[in-house]
Amino acid sequence: PEKCSKKPPNDGKMDVLETDSWIGLVCLSFSPVLQSSRLAGLVSRVCSGFSDDARLEELQVFYDKYSKWIPVKTFHKIEESIRTNKAWLAKNEAAVCEWVMAQQN
């Protein structure tokens with residue numbers, strides 16, 4: 001299903017977009033007059049905390065749809081950032097959790 005599909009008008013006052021994911025939120029912020037560099041920056045900031053394969057797949061779907069608005073170099077940087085976050089978590093998550101638990105005692 002489309003992440004940015006329009007729902008029926010809300011009491012005839014305005015259209016409502018689905019925001020069940022980060023893609024929906026980016027679409028809410030996106031307008032046809034938005035410059036590609038601003039969209040690329042927005043996507044980069046939204047994705048900066050992502051750290052799993054599901055988010056990488058979502059990013060690829062988003063890029064496939066909006067590739068003309070996001071430079072490939074920026075897309076690859078975002079992918080690399082997600083992979084780096086994933087690797088950091090794999091290496092450090094247990095130690096961080098252990099430290100947090102020790103601080104609570």
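The structure this text deals with has already been given above.
Cut-off values and rules
Residues numbered from 1 in each chain as written. Predicted model: local features only at pLDDT ≥ 70, side-chain atom pairs only at ≥ 80, totals over all residues. Heavy atoms only, no water. Helix = DSSP H or I, 4+ residues; strand = E, 2+ residues; numbered from the N terminus. Buried < 20%, exposed > 50% of the residue type's maximum accessible area, 1.4 Å probe, protein only. Areas by Shrake-Rupley, 256 points an atom, 1.4 Å probe, with all protein chains shown as cover. Expected span 1.5 Å × (residues − 1). Bend = angle between axes of the 7 residues up to and from the residue. Contact = heavy atoms within 4.5 Å. Axes fitted to C-alpha atoms, helices over the stretch in contact; angles between N-to-C directions. Parallel < 35°, antiparallel > 145°, perpendicular 65-115°, else oblique. Nonpolar A, V, L, I, M, F, W, Y, C, P; charged D, E, K, R; others polar. Core = buried A, V, L, I, M, F, W, Y, C linked by side-chain atoms within 4.5 Å. Phe/Tyr/Trp six-rings, centres within 6.5 Å; stacked < 30°, edge-to-face > 60°. Lys NZ or Arg CZ within 6 Å of the ring centre and 35° of its normal.

A. Region of interest: the overall build of the chain. The helix and strand inventory of the chain stands at four helices and zero strands. For the chain, the N- to C-terminal ordering of α and β elements is α-α-α-α. Buried positions account for 24% of the 105 residues belonging to the chain. Surface accessibility of the chain: about 7500 Å² in total, with carbon and sulfur atoms responsible for 55%.

B. Helix 4 (residues 72-104), seen in detail. End to end, helix 4 covers 44 Å across 33 residues, agreeing with the expected 48 Å (1.5 Å per residue, within 8%). By the largest-angle criterion, Asn92 marks the main kink of helix 4, which is about 55°. Restricting attention to buried positions, one finds in helix 4 the residues Phe75, Ile78, Glu79 and Ile82. At its buried positions, helix 4 is contacted by helix 2 (36-47) and helix 3 (53-66).

C. Up close: the packing of helix 2 against helix 4. Direction vectors running N to C along helix 2 and helix 4 enclose 5°, while the axes themselves pass 10 Å from each other. Between helix 2 and helix 4, the crossing angle belongs to the class labelled roughly parallel. Where helix 2 approaches helix 4, its residues Ala40, Val43, Ser44 and Cys47 are matched on the opposing element by Thr74, Ile78 and Ile82. Each residue belonging to the contact of helix 2 with helix 4 can be placed in one class, and the counts come to five nonpolar, two polar and no charged.

D. Expanded view of the nonpolar core. Of all hydrophobic cores here, the largest spans 14 residues; its most connected members are Val43, Cys47, Leu59, Ile70, Ile78 and Ile82. Ranked by the residues each element gives to this core, the list is headed by helix 3, at five residues.

E. Focus on the packing of aromatic side chains. A complete count under the given rule lists two aromatic pairs for this structure. Look at Phe62 and Tyr66: their rings are 4.7 Å apart centre to centre, the planes differ by 40°, and that puts the pair in the tilted class. Of this pair, Phe62 and Tyr66 are both found in helix 3, four residues apart, which corresponds to roughly one turn of the helix. Relative to Phe75, the ring of Tyr63 has its centre 4.1 Å away and its plane inclined at 20°; by these criteria the two rings are stacked. With Tyr63 in helix 3 and Phe75 in helix 4, the pair connects residues that are twelve residues apart, well separated along the chain. Accessibility classification places Tyr63 together with Phe75 in one group, the buried group. Sitting over the ring of Phe50, Arg55 keeps its end group 4.5 Å from the ring centre.

F. Summary view of the packing of helix 3 against helix 4. Between helix 3 and helix 4, whose axes approach to 10 Å, the crossing angle comes to 170°. Comparing their axes, helix 4 and helix 3 come out roughly antiparallel. Taken together, the residues of helix 4 that come into contact with helix 3 (itself represented by Asp53, Leu56, Leu59, Gln60 and Tyr63) are Val72, Phe75, Ile78, Glu79, Ile82, Arg83 and Lys86. Taken together, the residues of the contact of helix 3 with helix 4 break down into seven nonpolar, one polar and four charged.

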